[in-house]
Amino acid sequence: MNHKEPLLVLENVSKVFATASGPLTILEQVSFSVNKGEKVAIIGPSGSGKSTLLSLIGLLDTPTTGQITIGETKTELLNDVEKAKVRNQTIGFIFQSFELIAPFTALENITAPVEIGGRMIDQDHLDRLISTLGLEKRREAMPRTLSGGEKQRVAIGRALLPTPALILADEPTGSLDRATGEKVLNLLLEAVSQVEATLLIITHDESIADRMDRVFELRDKTLHERS
């Protein structure tokens, strides 16, 4: 794998929201790139626009200006159906609030994105992933019976089963105690390495940021890379 090949490129991306008191600029002229296989952290205070930035990269929202390129795809040229296809095939999401489907078992939650995308499940990959995440005995468990750490491990499995090129993680350990969060982070990093994915993680935790290849800080509405 060529780790110097860009997977994600943002060029002069801005996001402005209309409010009753006038335009509100959340992000301004954000430009950066992430290479294939890199693990990158974005840190910044609450309200600085981190989640907004992740929504733009994940094609859940549209920049006011600028362009986002994922792989060879210039995303501003895509319609909603094409964006949904890119999300399903290229991007894995991990949220702080887990976002599991309540009537589904742990296993069904993990396999849902692949089945929704109409693809075959690689059973060997699924079994390895479940083993890596320590969920062998919880495959048939319902979300309401899972601990917070187990729920987040299921969410990681769901994000990684389709072997996406890009993993977007929004405060993935934010709802967990420190010991559980560290265990989940270790599992996440191991699983991401197994599928050779690129990881972009939003966090307020400096100890998590320190384990990434690169760290960007969001302040004054734009990104600054730490040296």
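Below is a short write-up of the structure. (Residues numbered from 1 in each chain as written. Predicted model: local features only at pLDDT ≥ 70, side-chain atom pairs only at ≥ 80, totals over all residues. Heavy atoms only, no water.)

Concerning the overall build of the chain
We count it as follows: Under the scheme used here, helices are H or I runs from DSSP no shorter than 4 residues and strands are E runs no shorter than 2 residues, and both carry numbers assigned from the N terminus. Working definition: with a 1.4 Å probe on protein chains only, accessible area under 20% of the residue-type maximum means buried, over 50% means exposed, and in between means partly exposed. Contact criterion: two residues are considered in contact whenever any of their non-hydrogen atoms come within 4.5 Å of each other. Accessible surface area values rest on a Shrake-Rupley calculation with a 1.4 Å probe, where residue burial reflects the displayed protein chains alone. Charge counting follows a simple rule: Lys and Arg are positive, Asp and Glu are negative, and His as well as the terminal groups are ignored. Here the site of a charge means atom NZ of a Lys, CZ of an Arg, CG of an Asp or CD of a Glu.
Looking only at helices and strands, the chain features seven helices and ten strands. The principal-axis extents of the C-alpha atoms in the chain amount to approximately 50 × 40 × 35 Å. The 227 residues of the chain split such that 49% are buried. Intrachain contacts of the chain at a sequence separation of at least 6 include 71% that bridge at least 24 residues. For the chain, the exposed surface amounts to about 11,000 Å²; the carbon and sulfur share of it is 49%. A distance of 2 Å separates the average location of the 25 positive side-chain charges in the chain from that of its 31 negative side-chain charges.

Here we look at unusual backbone geometry
We note that Leu-59 has phi near 65 degrees; this positive angle belongs to a residue other than glycine. Tracing the sequence through the fold places Leu-59 in the loop between helix H1 (50-57) and strand S4 (65-70). Judged by its relative accessible area of 6%, Leu-59 is buried. The phi dihedral of Phe-98 is positive, around 70 degrees, even though this residue is not glycine.

Considerations on the sheet that holds S4
Which entries qualify depends on this criterion: Only when DSSP finds a minimum of two bridges between them are two strands counted as paired. Axis definition: a line fitted to C-alpha atoms, over the contacting stretch in the case of helices. Angles run 0 to 180 degrees between N-to-C directions.
Overall, antiparallel pairing links the four strands, which are arranged S2-S1-S4-S5 in an open sheet. Single-partner strands in this sheet number two, and they are strand S2 (22-35) and strand S5 (73-74). When S4 meets S5, the two strands line up antiparallel, connected through two bridges. In the strand pairing of S5, Ile-70 is matched with Thr-73. Along the sheet face, H1 touches strand S1 (6-19), S2 and S4 and points at about 120 degrees away from the line of S1.

Brief notes about the side chain of Thr-69
Of note, Thr-69 is situated in strand S4. Judged by relative accessible area, Thr-69 falls into the buried class, the value being 9%. Apart from residues lying up to four places away in sequence, Thr-69 is in contact with Leu-7, Leu-8, Val-9, Glu-11 and Lys-74.

Re the nonpolar core
Put simply, the test is: Nonpolar cores were defined as sets of buried Ala, Val, Leu, Ile, Met, Phe, Trp, Tyr and Cys residues, with membership established by side-chain atoms within 4.5 Å.
In terms of nonpolar packing, the biggest core is built from 40 residues, with Leu-160, Ile-167, Leu-199 and Ile-201 touching the most fellow members. Listing elements by their share of this core, those giving two or more residues are strand S3 (39-43), helix H3 (106-116), helix H4 (123-132), helix H5 (148-160), strand S7 (166-170), helix H6 (178-194), strand S8 (198-202) and helix H7 (206-209). Broken down by element, the residue count for this core peaks at seven residues, all from H6. With residues near it in sequence (within four places) discarded, Leu-160 still touches His-125, Leu-129, Ile-167, Ala-191, Val-192 and Val-195. Grouped together as the second largest cluster of nonpolar side chains are 29 residues, Leu-54, Ile-57, Leu-166 and Ile-202 included.

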